[in-house]
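Structure at a glance
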Amino acid sequence: MLIKIEAIINEEKFQDVLDALNAMHVNGITVSQVMGCGTQHGLTRNVRGSAVEILLLPKIKLEIVVSSEKWEDKVIQTIRQAAYTGQVGDGKIFSYEIRTATKIRTNETGQHAIWADVQRQKYAQQQQEQQE
């Protein structure tokens, strides 16, 4: 089973989240700069003495595909801990199943499509050992 995790987080917490994901050896992260608002519906700032309502706030969107529910739980918990400030606007995390994935270069599908080269080599070695 492949699971896609999407997290919308504050820009200020991006490096903390990225460092935490790298520390747990998450392979393959897509990062996008996005604009949006959640339940806070933006905010009001004073600009040159006038109140200006900002409806859409800059956020960072992370997209990560994992190969098991165990990794889903670990990645979500890591993002939650690293992105947490306790303030409104900390963000949201969504996860859902993916029907298929294909690695364009090798035409591998399923979980093999998201493996790093090291994982692929280890798997090939295990397969070879089982055949012997």
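We now turn to the structure provided with this report. (Residues numbered from 1 in each chain as written. Predicted model: local features only at pLDDT ≥ 70, side-chain atom pairs only at ≥ 80, totals over all residues. Heavy atoms only, no water.)

Counted under the stated rule, the structure contains zero aromatic pairs. Its guanidinium or amino end placed over the ring of W71, K74 lies 3.9 Å from that ring's centre, counting from NZ or CZ. (Phe/Tyr/Trp six-rings, centres within 6.5 Å; stacked < 30°, edge-to-face > 60°. Lys NZ or Arg CZ within 6 Å of the ring centre and 35° of its normal.)

Another point: the environment of S68. Locating S68 in the fold gives a position in the loop between β5 (57-66) and α2 (69-83). A relative accessible area of 22% means that S68 is categorised as partly exposed. A C-alpha to C-alpha distance of 6.9 Å links S68 and I3, two positions 65 residues apart in sequence. Among the polar contacts listed, one links the side chain of S68 to the backbone nitrogen of W71, at a separation of 3.1 Å. (Helix = DSSP H or I, 4+ residues; strand = E, 2+ residues; numbered from the N terminus. Buried < 20%, exposed > 50% of the residue type's maximum accessible area, 1.4 Å probe, protein only. Polar contact = N/O pair within 3.5 Å; in protein donor to acceptor, adjacent residues only side chain to side chain.)

Moving on: the pairing of strand β4 (residues 50-54). Across five bridges, strand β3 (residues 43-47) lies against β4 in antiparallel orientation. Note on β4: the bridge partner recorded for N46 is A51. Hairpin connection of β3 to β4: two residues between the antiparallel strands, including R48 at a positive phi of 50 degrees. (Pairing = 2+ DSSP bridges.)

Right, let's talk about the nonpolar core for a bit. Formed by 17 residues in total, the largest nonpolar core has its most connected members in I9, V17, L21, L62, I64, V75 and I79. Looking at this core, the elements with two or more residues in it are β1 (2-10), α1 (14-23), β5 and α2. Per-element accounting of this core gives the leading share, five residues, to α2. Each residue touching V75, except ones within four places of it in the same chain, is listed here: I5, L21, M24, V26, I64 and V66. (Core = buried A, V, L, I, M, F, W, Y, C linked by side-chain atoms within 4.5 Å. Contact = heavy atoms within 4.5 Å.)

The next thing to look at is the pattern of salt bridges. Under the defined criterion, the tally for this structure stands at four salt bridges. Across the salt bridge formed by K61 and E6, the nearest N and O atoms sit 3.9 Å from each other. Linking K61 in strand β5 with E6 in strand β1, this pair joins segments that are 55 residues apart in sequence. By relative accessible area, which is 14% here, E6 ends up buried. Two residues, D16 and K13, come together in a salt bridge whose shortest N-O distance is 3.1 Å. Of the residues examined, K13 reaches a relative accessible area of 17% and is grouped as buried. What emerges from the salt-bridge pattern is a single network uniting K4, E6, K61 and E63. (Salt bridge = Lys/Arg side-chain N within 4 Å of Asp/Glu carboxyl O.)

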